[in-house]
Amino acid sequence: MPSDFSDGLGLSPAAERRIGDQMARSLYRDLDYLDDPIVQDYVNSIMAPLLAAARARGEIQPEMDDAYAWHVLLGKNKTVNAFATPGGYFGLELGLLAVTVSRDELAAVLAHELSHVTQRHLARMMAQQEQQTPWLIGAMILGILAAAKDGQSGSAVVVGGSAAAAQSQLNFSRDMEREADRIGFGVATQAGYDPEGFVTMFDKLYNANRLNDSGNFPYLRTHPLSTERMADMQGRLGVKATATSKTNAAASEDPMLEHTLMAARAKALSSSGVDAQQLLVAQANMKATTNNTSQAAATAYAAAMGAMQLRDWPTAQKQLLQLQSLVAGKPLSQRQWRYLQAEYLLATNQAAAAWDLLMLDANHRAGMWLRGQAALALQNQAQLRQCLIERRSWLVEHPSDALMWQQQSNMAVATGWTLGAMRAAAESKAAEMDIAQALERMRAAQAWGAKNPATSGDDQIELSIIDSRVRQLQSQLKDLQSSKM
């Protein structure tokens, strides 16, 4: 059950969510923000069991569950960092994913961050800063996150003092860190992850700290490790029976390989510039003779991505063929190969082949998005209409999916469905917390509908939804403006 840290706070979960929404709005506009459907799908697949376990354990209470976002935002920065905000948003830099060697290590970090949220540690810190408004605390947290990536940039964002001073006030206390360790350990274990992931990940971070972190591990500055915390994790691991997770090595081979591919993708996405991409390709040539399947697959994956960025299509095709042979018989890893192969086909004007390749993946967000890109490239009206129908169900269940709303808008334009395109574009802005822009676009759709009487059942439904959404967005904008006064 939640600890006393979550009791007696003046800040409600709904108020925390409003602060989190404002912070998310800034994060969406960060140059490092990235919605890569393939990585996002994978991270969500790690996070979902953690959320389910936290609910089963009673760590996520109903009021909190309804109010919070429970959404991970990705950043393409190479630094090793992750964080949580008020209201249940989580940030994950690709640099952290790139250094993990298993899904269990990634789950350990996410479980720790999730536990800071479920135990309402952020709200407690804000309550301690009674002299500051919650919105000011939110701005300070954003400044700390910016400073973690770049020691120079954060100082301009933090209000009321230097980044260092703000960080000293807002760092989680030792008790909070220990509690996040304890609760997170239990959540991750109940979710089915190997608890050894906590120990190996903490070892990795602790060693980086011991070797005088040069700035690439900002996670250590906002979540300082100690020998006491390390010993506690080792002790907890000793109590848990880990034999079960190690008896079926074959069953874990595919998930481990899939994680290796996603770590390679994170590395490639966070490597910018021609020199970095050329290095990824060169590494494939240097490691061509390795007998380690996982290492060979990761190297081929990253090299294929690097070659595609360089528009070196023969090399990309060669690496993709190598990767295909390495993932044969491993369904999870084969799906990741299909996604990368589809990206190659789309980049080389082979959209019809990409569409056919992804037939098995239409129920996954990444596969759905890539098929949508193929349909847009082909301008095939039947395929576009099929995608529009598929996305309606998806967007009802995932109304905050900005990327899919934008693709829905693009496909509606391609089919001549003006009202659907206008509403989807507005919803994309709303999903990224740009309420003013969303309201402006929704009103434009409302005005268009008034001048162009509905000629189809789809338009009639859209007009009804638009009218309701205008009222909702007006209320959101009013609350937002009043809270800043």
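Residues numbered from 1 in each chain as written. Predicted model: local features only at pLDDT ≥ 70, side-chain atom pairs only at ≥ 80, totals over all residues. Heavy atoms only, no water.

**Description of the sheet that holds strand β2 (residues 71–75)**
Next up, step 1: The mixed open sheet is built from four strands, whose spatial order is β1-β2-β4-β3. Every interior strand has two partners, whereas the edge strands, β1 (33–34) and β3 (82–84), have only one.
Next up, step 2: Bridge analysis of β2 against strand β4 (residues 89–93) gives five bridges, and the strand direction is parallel. Residue His 71 lies in a different strand from β4, and its bridge partner there is Tyr 89.
Next up, step 3: Together, β3 and β4 form the strand contacts of helix α5 (residues 103–118), whose direction differs from that of β3 by roughly 25°. (Pairing = 2+ DSSP bridges. Helix = DSSP H or I, 4+ residues; strand = E, 2+ residues; numbered from the N terminus. Contact = heavy atoms within 4.5 Å. Axes fitted to C-alpha atoms, helices over the stretch in contact; angles between N-to-C directions.)

**Quick notes on the layout of surface pockets**
Next up, step 1: Of the voids in this model, the largest pocket is the one considered here, and its volume is about 890 Å³.
Next up, step 2: As for the largest pocket, its lining consists of 40 residues, and the residues nearest its centre are Asn 44, His 71, Arg 365, Trp 394 and His 398.
Next up, step 3: Counting residues per element, the ones that place at least two in the lining of the largest pocket are α1 (13–28), α2 (37–57), β2, α14 (249–269), α18 (331–347), α21 (381–397) and α22 (402–414). (1 Å grid on protein atoms, 1.4 Å probe; cavity = no way out; pocket = protein on both sides within 12 Å on 5 of 7 lines; lining within 4 Å. Points joined across faces, edges and corners; volume = space filled by probe spheres on them.)

**Observations regarding the nonpolar core**
Next up, step 1: If you look at the biggest cluster of nonpolar residues, it comprises 122 residues, and the most contacted ones within it are Leu 50, Trp 70, Leu 114, Tyr 301 and Leu 323.
Next up, step 2: Sequence-distant contacts of Leu 114, defined by excluding residues within four places in its chain, comprise Met 47, Leu 50, Leu 51, Ala 54, Trp 70, Phe 90 and Val 187.
Next up, step 3: Formed by seven residues, the second largest nonpolar core is a distinct cluster that contains Tyr 28, Leu 73, Tyr 89 and Met 433. (Core = buried A, V, L, I, M, F, W, Y, C linked by side-chain atoms within 4.5 Å. Buried < 20%, exposed > 50% of the residue type's maximum accessible area, 1.4 Å probe, protein only.)

**Quick notes on the pattern of salt bridges**
Next up, step 1: Considering all chains together, one arrives at 22 salt bridges under this definition.
Next up, step 2: One salt bridge connects Glu 427 with Arg 423, and the closest N-O pair in it is separated by 3.2 Å. Of this pair, Glu 427 and Arg 423 both sit in helix α23 (residues 418–431), four residues apart, roughly one helical turn.
Next up, step 3: Its relative accessible area of 4% is what places Glu 427 among the buried residues.
Next up, step 4: Overall, Arg 423 belongs to the buried group, its relative accessible area being 12%.
Next up, step 5: One network of salt bridges, in which partners are shared, links Arg 423, Glu 427, Glu 462 and Arg 469. (Salt bridge = Lys/Arg side-chain N within 4 Å of Asp/Glu carboxyl O.)

Everything listed here is a matter of coordinates, which is why it stays silent on function.
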